[in-house]
Each structure stands twice: as structure tokens, then as C-alpha cells.
Amino acid sequence: NAGVTQTPKFQVLKTGQSMTLQCAQDMNHNSMYWYRQDPGMGLRLIYYSASEGTTDKGEVPNGYNVSRLNKREFSLRLESAAPSQTSVYFCASSEELYSGNTIYFGEGSWLTVV
Amino acid sequence: AQKITQTQPGMFVQEKEAVTLDCTYDTSDQSYGLFWYKQPSSGEMIFLIYQGSYDEQNATEGRYSLNFQKARKSANLVISASQLGDSAMYFCAMREASNTNAGKSTFGDGTTLTVKP
């Protein structure tokens, strides 16, 4: 069972470079999310998509853009990477935004900006 | 604003003993969900257990149980019969039901659990 798949798993960028993190889920979920996790901390929501065609800002959206390409795929783009964006990025999905729906996570993408 | 507090940065437990990981939360919503996740050293986030704010009974999933005290706004995770494989970081999280907060889940900073043989 693939669940939530995100690529790449590791990436090193130079300051100012751009890149896109790809995410796909095969659970037929409506809602998808992007989080970042800084060392020793919990996850913070960057952007989320309640359903295909909609996206909304989370807690820390600055410096990022997202695209809900279709029901399965939700990408995160860094237009001009900064060292402060060095983090582990998690894509996640849930059936709906409903508070009782479990959020399932991908395996994470380790991004270093030098 | 929703907030999750995990006051124990690190915990140690002897193998086969039980351990309680603390979590308190703050919300003005009446309807919300509380979750616990495990993050082993490999980095993935593994869902463990869920408690709804209107659930009258504490949630249980195998060796995991959630001690839910609504009036005190606490949702502690209890792991019984600890195993070496339980060594990991544990995160408490909350999702609110209100329209303004829909989709926005809050995570605590985590507790690192080390199980000693």
C-alpha cells in the first residue's frame, strides 16, 4: 500500500534556487496538506487543500506556493529558496477536513538550503 | 488560538513497564479531535490513536490508550508493556471543527521516549 508518496526524499539547494516537491496519494482522499518540521519541533502547516481546486494558507505560508493538480496530487514550490527553509517537509492527506479524520503522512523530504 | 503543550521533552521507561506521555491543549471549540503520532528515528509519522471531543470513553488501540480529561483539557497517551521498538518521538495533535480552523491541525513539540532494556 503506497498511501502518500512524496519526492524527492533528499535535496540540497543553493540560496535563490527554486524547486518543487511532489506529492501523490492513492487513498482517494479529498484533503491534502503540506507541513514543515524544524529540528526538535512539531509540525507546522504551510498550505492545505480542502478538495480538488481549492488551496488555503496555513500557519507558515510565506515563501511557498502550492498547486492541487488533481485529486491525487498536491505540489509545493519554493520559488527562491532561503536557508530558513531548511527543514523536513511532509505531505499528508485525509478523507475530509473534518476534525475526526485521521491525517496520513508521507515519509518526508529532507531539504537543505545552503 | 489552538495550542498543544507537551511538557516532557524526554522520557525514559524500563522495558515492559507502562509510561504516560502528557499532552494539554487549549481551544475554544466544542468539537475537536485529538491525535497521537509516533515518529521513529527513520522520520515517518505513524498514526497511533484518536479521541473525539464528544467521545465518552477513552480511546484504546492495542497497547496504546488515551487518558482523556475534557475538563482539564488533557489527552495523555499511555503505552502499556513498553517495548524497545517504542523508542521514538511522540507528538500530540489537535484538529478543530470550526470553519475558521477547519484543516488546520496543531502539533505539540513532541516527547522523546527511550525504552531501556
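Residues numbered from 1 in each chain as written. Chains lettered and ligands numbered in written order. Predicted model: local features only at pLDDT ≥ 70, side-chain atom pairs only at ≥ 80, totals over all residues. Heavy atoms only, no water.

(A) View of the nonpolar core. Residue and element names in this part refer to chain B. Counting residues in hydrophobic clusters, the biggest one holds 24 residues, and the most contacted among them are Tyr25, Trp36, Ile49, Leu77, Tyr90 and Leu113. Of all the secondary structure elements, the ones that give two or more residues to this core are strand 3 (19-21), strand 5 (32-39), strand 6 (46-52), strand 8 (64-69), strand 9 (74-79), strand 10 (88-96) and strand 12 (111-116). Each residue touching leucine 77, except ones within four places of it in the same chain, is listed here: Val19, Thr20, Leu21, Trp36, Leu48, Ile49, Tyr64, Ser65 and Tyr90. (Core = buried A, V, L, I, M, F, W, Y, C linked by side-chain atoms within 4.5 Å. Buried < 20%, exposed > 50% of the residue type's maximum accessible area, 1.4 Å probe, protein only. Helix = DSSP H or I, 4+ residues; strand = E, 2+ residues; numbered from the N terminus. Contact = heavy atoms within 4.5 Å.)

(B) Highlighting the state of the cysteines. Inspection of every chain in the model, using the stated rule, returns 2 disulfides over all chains. Each sulfur in the disulfide pair A:Cys23 and A:Cys91 lies 1.8 Å from the other. Between A:Cys23 and A:Cys91 the sulfur-sulfur dihedral comes to about -75°; the bridge is accordingly left-handed. Of this pair, A:Cys23 sits in strand 3 (residues 19-25) while A:Cys91 sits in strand 9 (residues 87-94); the two residues are 68 residues apart in sequence, bridging distant segments of the chain. In terms of burial, A:Cys23 and A:Cys91 fall into one category: buried. Here B:Cys23 is linked by a disulfide to B:Cys92, with a sulfur-sulfur distance of 2.0 Å. Between B:Cys23 and B:Cys92 the disulfide shows an S-S torsion of about -65°. By sign, it is left-handed. Here B:Cys23, found in the loop between strand 3 and strand 4 (24-26), pairs with B:Cys92, found in strand 10; they are 69 residues apart in sequence, far enough to count as distant. (Disulfide = S-S within 2.5 Å.)

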